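# Reading the structure
So the chains spell out like this:
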Number of protein chains: 2
Amino acid sequence: MSAGVRTIGDLSKVTGTKVETIRYYERIGLLAAPPRTAGNYRAYGDAALGRLSFIRRARDLGFGIDQIRALLSLSEKKKRSCKAVDAIAREHLAEVEGKLADLMALRCELDSIIRQCGCGTIADCRIIEALAPVNTGR
Amino acid sequence: MSAGVRTIGDLSKVTGTKVETIRYYERIGLLAAPPRTAGNYRAYGDAALGRLSFIRRARDLGFGIDQIRALLSLSEKKKRSCKAVDAIAREHLAEVEGKLADLMALRCELDSIIRQCGCGTIADCRIIEALAPVNTGR
DNA sequence: CTTGACCCTGTAGTGACTACAGGGTGCAGT
DNA sequence: ACTGCACCCTGTAGTCACTACAGGGTCAAG
């Protein structure tokens, strides 16, 4: 393992990231621009692979790009306390919980609207009625 | 009530929609272009108000623009069965439930990662470790 | 007759990619 | 040597549903 030099396509396969996405990460400065081969191909080393894997896992956990930027920069300061890391993770957890609450409320509302539908004609449709304002469309 | 003619700002206040958003809905064909005053101001009637309220409620329930387009067009065919309406609502509910499941899984994962953090130094941080790939960054 | 709140169009930005178009590189097979 | 073909390169524009200007015009009150 750890062959040392990989093309962008290799990185793409290994990390499950699209080639365009890797180039995008480079453009926004999340991944460093790697050295190039004679033919101008990107040649990635193991460090780049590790960094990209880190990014992908953080993305899969729903962290935003800026949060990942912060996490990456913290992960290099080995001696410092990980309180800042903890804070970012907790902040993200709070965001997730907020979205979760919103979505659950949404589901309830949708569910109750749908259950009222007797599937007659549209003129009597409770779904349309729930959306329409009080005095309109008659 | 139902004064008959309103400016875009009135519509904005009554429906809680930003002025720019209303113009955006017109641009994408969700709202018809209203008649204009002598000074080239948009002059909305009650029907436009009703339509915009409908759109806002549907957006609040998380329906996408294309779904709303379909719902609006169905809502005008009073005599047809509301099965199609029901189908759109159920499809949306399924999407919401999918997102909900994803977010709940995410919350679990985040939660368990955060609980492992002993808040020592970054070198020992379980959160960073959970993100980093097996053999990297040493 | 000026001030300030409102309105107009058109364009560009958001987040995190994704999808081309139009070209170059590298290697296997013939 | 030549021909495919898969891969790589840059740069730009598109996605969704808005949002935010810039640079101007309109209108009613004081």
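The structure displayed is predicted, hence computed values, not measured ones.

Time to look at the side chain of Thr15(A). Residues and elements named next belong to chain A. With respect to the helices and strands, the residue Thr15 is situated in helix 1 (residues 8-15). On the accessibility criterion, Thr15 (16% relative accessible area) is buried. Looking at Thr15, its side chain comes within polar contact range of the main-chain oxygen of Leu11, at 2.8 Å. Here Thr17 takes part through its side chain, which lies 2.7 Å from a polar atom of the side chain of Thr15.

Looking now at helix 3 (residues 46-60) of chain B. Across its 15 residues, helix 3 of chain B extends 21 Å between first and last C-alpha, which sits within 8% of the 21 Å expected from 1.5 Å per residue. Taken together, the buried residues of helix 3 of chain B touch helix 6 (126-131) of chain A together with helix 1 (8-15), helix 2 (19-27) and helix 4 (65-75) of chain B. Gly62(B) sits one or two residues past helix 3 of chain B and shows a positive phi near 90°.

This paragraph deals with the confidence of the model for chain A. Should pLDDT be low for a region, the predicted coordinates there are not to be read in detail. In the predicted model, chain A carries a mean pLDDT of 88, and the fraction of residues at 70 or more is 93%. When pLDDT is averaged over each helix and strand of chain A, the minimum, 87, is found for helix 6 of chain A and the maximum, 95, for helix 2 (residues 19-27) of chain A.

Our next topic: the nonpolar core. The biggest cluster of nonpolar side chains holds 75 residues, and the ones touching the most others in it are Phe63(A), Val85(A), Phe63(B) and Val85(B). For Phe63(B), the contacting residues outside a window of four places in its chain are Leu110(A), Ala58(B), Ile68(B), Leu71(B), Ile88(B), Ala89(B) and His92(B).

The next point concerns the relation of the copies chain B and chain A. Between the two copies, chain B and chain A, the superposition gives an RMSD of 0.1 Å; the rotation angle is 180° and the shift along the axis is 0.0 Å. In the structure described here, the two chain copies are related by an operation that fits a two-fold rotation axis. When each C-alpha of chain B is compared by its distance to the rotation axis, Leu100(B) comes out closest, at 3.3 Å. A shared binding surface is used by both copies, with 100% of the interface residues of chain B retained as interface residues in chain A.

For the rest of this paragraph, the subject is the protein's contact with DNA strand D. Taken together, 19 residues form the shell around DNA strand D, and within it Gly9(A), Arg23(A), Arg42(A), Tyr41(B) and Arg59(B) come nearest. When atoms of DNA strand D within 4 Å of the protein are sorted by moiety, sugar and phosphate together comprise 79%. Taking Arg23(A), its side chain carries an N or O atom lying 2.7 Å from a phosphate oxygen of DNA strand D. The separation between a phosphate oxygen of DNA strand D and a polar side-chain atom of Arg42(A) is 2.7 Å. Going through the elements one at a time, helix 1 of chain A together with helix 2 and helix 3 of chain B are the ones with two or more residues in the surface near DNA strand D. The element contributing the most residues to the surface near DNA strand D is helix 2 of chain B, with 4 residues. Residue classes in the surface near DNA strand D are distributed as 6 nonpolar, 6 polar and 7 charged.

Calculation rules
- Residues numbered from 1 in each chain as written.
- Chains lettered and ligands numbered in written order.
- Predicted model: local features only at pLDDT ≥ 70, side-chain atom pairs only at ≥ 80, totals over all residues.
- Heavy atoms only, no water.
- Helix = DSSP H or I, 4+ residues; strand = E, 2+ residues; numbered from the N terminus.
- Buried < 20%, exposed > 50% of the residue type's maximum accessible area, 1.4 Å probe, protein only.
- Polar contact = N/O pair within 3.5 Å; in protein donor to acceptor, adjacent residues only side chain to side chain.
- Expected span 1.5 Å × (residues − 1).
- Contact = heavy atoms within 4.5 Å.
- pLDDT = per-residue confidence, 0-100.
- Core = buried A, V, L, I, M, F, W, Y, C linked by side-chain atoms within 4.5 Å.
- Least-squares fit on C-alpha atoms with pLDDT ≥ 70 in both.
- Near = heavy atom within 4 Å.
- Nonpolar A, V, L, I, M, F, W, Y, C, P; charged D, E, K, R; others polar.

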